[in-house]
Amino acid sequence: MIDMSRLTWLLGEPVATGQLKANPEDFIVEEDLGFEPDGEGEHLLVRIRKNGCNTQFVAEQLARFAKVHPRDVSYAGLKDRHAVTEQWFCLHLPGKADPDLSQFDLEGCEVVRASRHRKKMRIGTLKGNAFTLVLRQISDIANVEARLEKITQQGVPNYFGTQRFGRGGNNLVQAKRWATNEARPKERAKRSFYLSASRSAMFNIVASQRLAEGTVRQPMLGDALQLSGRGSWFVAKAEEFESLQPRVESGELLVTAPLPGDGPLGTLEDAEAFEQTCLSDQMDLLSLLKRERVEPARRAIMLQPLQMQWQRWDDVTLELKFWLPAGSYATSVVRELMNLDEADADITE
């Protein structure tokens with residue numbers, strides 16, 4: 001199991017301690033699809049504010065209410081049960097009238113709005129999430145504010161949070177059992193979780209080592225570089241290497257780390273050798289990903305929170321707001337600010 005406490009901090013290990021999610025209202029997530037519903041079509045998008053309910057449970061209850069099969073209700077990403085979250089659900093209702101959502105009665109849930117849409121909403125169909133967090137019992141609030149100033153300029157490591165690996169790291173434990181043929185998961189969903197945990201753990205390993213060596217803003221020959229705000233990437237070749245350096249230093253280009261699969265890591269030369277060394281003791285998991293034909297990908301090592309603002313409520317309490325792109329974790333931001341109990345985790349895909 002990967003130990004998050006051993007991953008490298010950008011700003012060094014925090015000196016402050018504090019509490020996150022003393023209650024669900026201290027952790028608010030608002031999903032941002034990046035588009036407005038069409039207003040017509042065979043799909044009904046329903047935005048729900050929920051507290052104390054997990055995403056899959058709400059989807060099942062919506063299906064029952066609308067009298068459709070559970071597979072006809074989809075969503076863009078999972079949101080934590082122990083938080084106040086707003087997210088969209090998509091009901092496939094071809095040739096059917098809209099259900100009377102004013103009659104949808106589920107404890108902890110409130111329908112915010114609903115509108116028709118032409119396309120089905122699938123996992124990952126979102127631009128990002130806006131967060132409002134309340135950090136409490138902060139032992140050194142001045143230090144936290146100083147770190148916030150630096151994060152506004154430098155960003156944070158784009159680590160996958162502990163929740164990616166399941167309770168107690170169980171997803172990764174089971175992935176390793178699967179990889180060594182001790183046990184094969186029968187459920188498709190579990191297989192997906194275990195494969196995802198494997199890739200995420202290896203990304204964290206490579207990203208942590210780049211941070212430890214201070215090379216997240218210094219490209220290596222053969223690095224896979226991503227244009228900030230974009231998903232595509234290209235390899236840093238010798239003939240253009242000198243011109244790429246200032247673009248990486250400025251944050252215009254981001255150094256990536258691998259999400260391994262059945263294929264090359266994506267890097268070449270020095271960068272490829274570096275990544276292979278980092279992952280040299282992960283051969284079982286690498287073989288599993290290859291065997292399961294998982295498509296390889298890349299992910300930026302650094303993450304820049306946007307729209308950051310904060311204010312003190314008192315000498316030990318601070319409200320923090322920011323926006324993150326899809327697939328990033330709010331706990332990766334908080335991790336750079338203060339030491340938390342591992343139970344303080346959000347699920348935001």
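The model shown is predicted, which means the values in this text are computed figures rather than measured ones. (Residues numbered from 1 in each chain as written. Predicted model: local features only at pLDDT ≥ 70, side-chain atom pairs only at ≥ 80, totals over all residues. Heavy atoms only, no water.)

Engineer: Would you mind showing me how to read the overall build of the protein here?
Structural biologist: Counting secondary structure elements, the protein contains 8 helices and 15 strands. Rg of the C-alpha trace for the protein: 21 Å, near the compact-globule value of 20 Å for 349 residues, within the 12% margin. For the protein, the spread of C-alpha atoms along the three principal axes comes to 60 × 55 × 40 Å. A burial count over the protein gives 50% of its 349 residues as buried. Long-range pairs, those at least 24 residues apart, make up 80% of the contacts in the protein with a sequence separation of at least 6. Approximately 16,800 Å² of the protein is accessible, and the part contributed by carbon and sulfur atoms is 46%. Charge centroids of the protein, computed over 44 positive and 50 negative side chains, lie 7 Å from each other. (Helix = DSSP H or I, 4+ residues; strand = E, 2+ residues; numbered from the N terminus. Rg over C-alpha atoms; globule rule 2.2 N^0.38 Å. Buried < 20%, exposed > 50% of the residue type's maximum accessible area, 1.4 Å probe, protein only. Contact = heavy atoms within 4.5 Å. Areas by Shrake-Rupley, 256 points an atom, 1.4 Å probe, with all protein chains shown as cover. Lys, Arg positive; Asp, Glu negative; His and termini not counted. Charge placed at Lys NZ, Arg CZ, Asp CG, Glu CD.)

Engineer: I tried to follow the domain arrangement of the protein on my own but got confused; where do I start?
Structural biologist: A common way to state how big an interface is: give the accessible area lost once the parts meet. Each assigned domain of the protein is listed with its residue range as follows: domain 1 (35–117) and domain 2 (158–303). Relative to domain 2, the C-alpha centre of domain 1 lies at a distance of 33 Å. (Domains from an automatic or database assignment.)

Engineer: What's the story with the packing of helix 3 (residues 170–179) against helix 7 (residues 283–291) in this structure? I'm lost.
Structural biologist: A pair of packed helices is characterised by two quantities: the angle between their axes and the separation of those axes. Across the interface, helix 3 lies against helix 7 with an axial gap of 9 Å and an inter-helix angle of 75°. Our classification of the angle between helix 3 and helix 7 gives roughly perpendicular. Residues Leu172, Ala175, Lys176, Trp178 and Ala179 of helix 3 form the contact with helix 7, whose own contacting residues are Asp284, Leu285, Leu288 and Arg291. Taken together, the residues of the contact of helix 3 with helix 7 break down into 6 nonpolar, no polar and 3 charged. (Axes fitted to C-alpha atoms, helices over the stretch in contact; angles between N-to-C directions. Parallel < 35°, antiparallel > 145°, perpendicular 65-115°, else oblique. Nonpolar A, V, L, I, M, F, W, Y, C, P; charged D, E, K, R; others polar.)

Engineer: What should I look at first to understand empty space enclosed by the protein in this one?
Structural biologist: Take a probe with the size of a water molecule and roll it over the atoms, and the empty space left behind shows itself. Counted under the stated rule, the structure contains 1 cavity of 30 Å³ or more. In this structure, the largest cavity encloses a volume near 40 Å³. Residue contributions to the lining of the largest cavity peak at 3 residues, all from strand 11 (residues 253–259). For the lining of the largest cavity, a count of residues per class yields 7 nonpolar, no polar and 1 charged. (1 Å grid on protein atoms, 1.4 Å probe; cavity = no way out; pocket = protein on both sides within 12 Å on 5 of 7 lines; lining within 4 Å. Points joined across faces, edges and corners; volume = space filled by probe spheres on them.)

Engineer: I'm lost on the UniProt feature "binding site: substrate" (unreviewed entry) in the protein in this one. Help?
Structural biologist: Mapped onto this structure's residue numbering, the UniProt feature "binding site: substrate" (unreviewed entry) falls at Phe27 and Asn129. These annotated residues cover 103 residues of sequence, and their C-alpha atoms lie no more than 12.2 Å from one another, placing them together at a single site. With relative accessibility at 1%, the residue Phe27 sits in the buried group. Here Asn129 is to be found in strand 7 (residues 128–136). There is a polar contact of 3.4 Å between the side chain of Asn129 and the side chain of Lys79. (UniProt positions renumbered as here; feature names shortened; annotations may be inferred. Polar contact = N/O pair within 3.5 Å; in protein donor to acceptor, adjacent residues only side chain to side chain.)

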